[in-house]
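Chain and residue survey
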Amino acid sequence: TLSCHMRINSLQTAILFVTMKGIAAMIASGRKLTVSTWNVAAINNNPFEYWITYNEPYENLMSDVESFLEAPGDRDVPVQDVFNEDMFSKLDGRMQQVGWESVR
């Protein structure tokens, strides 16, 4: 929708402004940027990653997703209903087994 595009453009403008301000500060301090990466070619089925072909079905999908995220209503589900304490404990244990610090 137009409002969605306007919010995205405003966000992109804000990110660009903050980025340019940060780069200017970095240059002024004498520091140099060593590495920068951006995932620009990850072709997948994630509708949130980038806008692909603009057509009515895709526009409807994106509008429906946006509407749900902004106002899920009775379809809202608490995280603990999807990822319960037992599941978290198992994940935390596995993370520790490979040397990761517990997040508890």
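Think of each chain on its own: its residues are numbered from 1, step by step along the sequence as written. Only residues with pLDDT of at least 70 are given local features in this predicted model, and only at 80 or more are side-chain atom pairs given and counted; all residues enter the totals for whole chains, interfaces and linings. Side-chain figures throughout are based on the complete set of non-hydrogen atoms in the structure, without hydrogens or water.

Now for the overall build of the chain. Strands are runs of DSSP state E lasting at least two residues, helices are runs of H or I lasting at least four, and both sets are numbered from the N terminus onward. When helices and strands are counted, the chain shows four helices and zero strands. Its helices and strands taken in sequence order, the chain reads α-α-α-α from the N to the C terminus. Only protein chains enter the accessibility calculation, which uses a 1.4 Å probe; a residue whose area is less than 20% of its type maximum is buried, one above 50% is exposed, and one in between is partly exposed. When the 104 residues of the chain are sorted by exposure, 11% land in the buried category. Intrachain contacts of the chain at a sequence separation of at least 6 include 22% that bridge at least 24 residues. Contact criterion: two residues are considered in contact whenever any of their non-hydrogen atoms come within 4.5 Å of each other.

For every residue, the pLDDT score states the predictor's confidence, bounded by 0 at the bottom and 100 at the top. Per-residue confidence for the chain averages 77 on the pLDDT scale, and 63% of its residues sit at or above 70. Of all helices and strands in the chain, the one with the weakest mean pLDDT is helix H1 (residues 2-28) (65), whereas helix H4 (residues 85-97) scores best (93). Contacts from residues 1-6, a stretch scored under 50 in pLDDT, to residues over four places away or in other chains number six contacts.

With 15 residues, helix H2 (residues 56-70) should reach 21 Å at 1.5 Å per residue; the first-to-last C-alpha distance of 21 Å fits that figure. Burial in H2 covers these residues: Tyr58, Glu59, Met62, Ser63, Val65 and Glu66. Looking straight down H2, one finds its buried side chains confined to an arc of 160°; they lie on one side. In H2, the exposed positions that point more than 90 degrees away from the buried face belong to Glu56, Pro57 and Asp64. To estimate the expected span of a helix, subtract one from its residue number and multiply by 1.5 Å. What the arc describes is the spread of directions from the helix axis to the C-beta atoms.

It is worth spelling out the pattern of salt bridges at this point. Note on definitions: salt bridges are taken to be side-chain nitrogens of Lys or Arg within 4 Å of carboxyl oxygens of Asp or Glu. If you walk through the whole model with that rule in mind, you get three salt bridges. The shortest N-O distance in the salt bridge between Asp86 and Lys90 comes to 3.5 Å. Here the residue Asp86 and the residue Lys90 both occupy positions in helix H4, the gap between them amounting to four residues, near one helical turn. Measuring nitrogen to oxygen at the nearest pair gives 3.6 Å for the salt bridge that ties Asp92 to Arg104. Of this pair, Asp92 sits in helix H4 while Arg104 sits in the segment after H4; the two residues are 12 residues apart in sequence, bridging distant segments of the chain. Among the residues examined, Asp92 registers a relative accessible area of 4% and is labelled buried.

This next bit is on the side chain of Asp92. For the purposes of these results, a polar contact is taken to be a pair of N or O atoms within 3.5 Å, where, inside protein, one atom must be able to donate a hydrogen and its partner to accept one; residues adjacent in sequence count only when each atom of the pair is a side-chain atom. Among the polar contacts listed, one links the side chain of Asp92 to the side chain of Gln96, at a separation of 2.8 Å. Among the polar contacts listed, one links the side chain of Asp92 to the backbone nitrogen of Val103, at a separation of 3.4 Å. Residues contacting Asp92, with those up to four places away along its chain left out, are Ser102, Val103 and Arg104.

This part covers a nonpolar patch on the surface. The grouping of Val77, Val79, Val82, Phe83, Met87 and Leu91 at the surface amounts to a nonpolar patch, some 530 Å² of accessible area in total. Relative to the helices and strands, Val77 resides in the loop between H2 and helix H3 (79-82). The exposure class assigned to Val77 is partly exposed, which follows from its relative accessible area of 47%. Without a salt bridge and with relative accessible area above 30%, a residue can belong to a patch; like charges are then joined within 9 Å and nonpolar side chains (Val, Leu, Ile, Met, Phe, Trp, Tyr) within 5 Å. All accessibility values rest on the Shrake-Rupley procedure with a 1.4 Å probe; residue burial counts only the protein chains present in the view.

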